[in-house]
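Tertiary structure, described
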Amino acid sequence: MSDLDQLTQSLARNLKRWRGERGFTLDALAARSGVSRGMIIQIEQARTNPSVGTTVKLADALGVSITTLLDYEQGTQVRLVPASQAVRLWSTEAGSSTVLLVGADARGPIELWSWHLMPGEGSASDPHPEGTVELLHVTAGELTLVVDGEAHVVPAGTSATFEAHVPHSYRNDGSEPADLTMAVTIPPVRREGR
């Protein structure tokens, strides 16, 4: 199965799943998204590969990220995304391109971090509030990500996401410096009475 076929199948499966979870009929989703009922049927039957704009409209109408609709696999606490599975959304002949490395659904504050870890060094973190999600992309070296006691090797070019409400740490077990970019989404603080 080609990457495009896999993406089309994933989109079909995830669109059906999220439409069902939201309790939306085909007509309701069409009205909310501005995408025709016929197009939604074709997407859910994996008979078409819609434009990025159409996919974004559907994701917005469902209240999920575009990554959630395009995701090959759902449900694991830690998800590693090798460079070969990152979603290339567009490119030009001149060489410009965008690649969706990894994404997660979250509301509330978001932080963007740049990390540089020397060989043999690391940093541990206590659990964050329930609903906190971390996303990271290793740009150089190799990171050992430990989440709830389980180690995951994340080489350069690979992205990962995990729910950070459990103990977690970042280590450089290699012989070269490791560089990564990390985003942290934090759930909003709910006010009493809401």
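Owing to the predicted nature of the structure, the values given are computational and were not obtained by experimental measurement.

What counts, and at which threshold
- Residues numbered from 1 in each chain as written.
- Predicted model: local features only at pLDDT ≥ 70, side-chain atom pairs only at ≥ 80, totals over all residues.
- Heavy atoms only, no water.
- Pairing = 2+ DSSP bridges.
- Helix = DSSP H or I, 4+ residues; strand = E, 2+ residues; numbered from the N terminus.
- Axes fitted to C-alpha atoms, helices over the stretch in contact; angles between N-to-C directions.
- Core = buried A, V, L, I, M, F, W, Y, C linked by side-chain atoms within 4.5 Å.
- Buried < 20%, exposed > 50% of the residue type's maximum accessible area, 1.4 Å probe, protein only.
- Contact = heavy atoms within 4.5 Å.
- Arc of directions from axis to C-beta.
- pLDDT = per-residue confidence, 0-100.
- Parallel < 35°, antiparallel > 145°, perpendicular 65-115°, else oblique.
- Nonpolar A, V, L, I, M, F, W, Y, C, P; charged D, E, K, R; others polar.

Remarks on the sheet that holds strand 7 (residues 142-147)
Strand order in this open sheet of four strands is 5-10-7-8, and the pairing throughout is antiparallel. The two strands at the open ends of the sheet, each matched to only one other strand, are strand 5 (122-125) and strand 8 (150-155). Averaged over all adjacent pairs, the angle separating strand axes in this sheet is 15°, with direction ignored. Inspection of the sheet shows strand 7 paired to strand 10 (residues 168-171) by four bridges, in the antiparallel sense. Bridging from a neighbouring strand, Leu145 pairs with Tyr170 of strand 10.

Some words on the sheet that holds strand 11 (residues 178-185)
The strand order across the open sheet built from five strands is 1-9-6-11-4, with neighbouring strands paired in antiparallel fashion. Where the open sheet ends on each side, the last strands, each with one partner, are strand 1 (78-81) and strand 4 (110-117). Here the strands of the sheet are splayed against their neighbours by 15° on average, with no regard to which way each runs. Judged from the seven bridges that link them, strand 6 (residues 133-140) and strand 11 form a sheet pairing that is antiparallel. The residue bridging Leu135 from the neighbouring strand is Ala183, located in strand 11.

Re the nonpolar core
Core analysis: the largest hydrophobic core is formed by 20 residues, its most contacted members being Leu15, Leu29, Ile40, Leu58, Leu62 and Leu69. Those elements that place two or more of their residues in this core are helix 1 (3-22), helix 2 (26-33), helix 3 (37-44), helix 4 (52-62) and helix 5 (66-70). The residues touching Leu62, leaving out its near neighbours within four places in the chain, are Leu15, Trp18, Arg19, Arg22, Phe24, Leu29 and Leu69. Counting residues in hydrophobic clusters, the runner-up holds 18 residues, among them Trp115, Leu143, Ala164 and Tyr170.

Details of helix 2
Side chains of residues three or four places apart in an α-helix project in the same direction, reflecting 3.6 residues per turn. Taken together, the buried positions of helix 2 are occupied by Leu26, Leu29, Ala30 and Ser33. The arc that holds the buried residues of helix 2, viewed along the axis, is 100°, so those residues lie on one side. Facing away from the buried side of helix 2, by more than 90 degrees, are the exposed residues Ala31 and Arg32. Those residues of helix 2 hidden inside the fold are in contact with helix 1, helix 3 and helix 4. With its phi angle positive at about 80°, Gly34 sits one or two positions after the end of helix 2.

Re the confidence of the model for the protein chain
Across the protein chain, the average pLDDT comes to 83, with 86% of residues at 70 or higher. Within the model, the stretch residues 190-194 combines pLDDT values under 50 with zero contacts to residues more than four positions away or in other chains.

A short note on the side chain of His137
Its place among the elements puts His137 in strand 6. For His137, the contacting residues outside a window of four places in its chain are Leu101, Gly157, Thr158, Ser159, Asp179, Leu180 and Thr181.

Comments concerning the packing of helix 2 against helix 4
Where helix 2 contacts helix 4, the two axes come as close as 9 Å, and the packing angle between them is 110°. Here helix 4 runs roughly perpendicular to helix 2, going by the angle between their axes. Within the contact between the two elements, helix 2 uses Leu29, Arg32 and Ser33 and helix 4 uses Lys57, Leu58, Ala61 and Leu62. Residues of the contact of helix 2 with helix 4, tallied by class, amount to four nonpolar, one polar and two charged.

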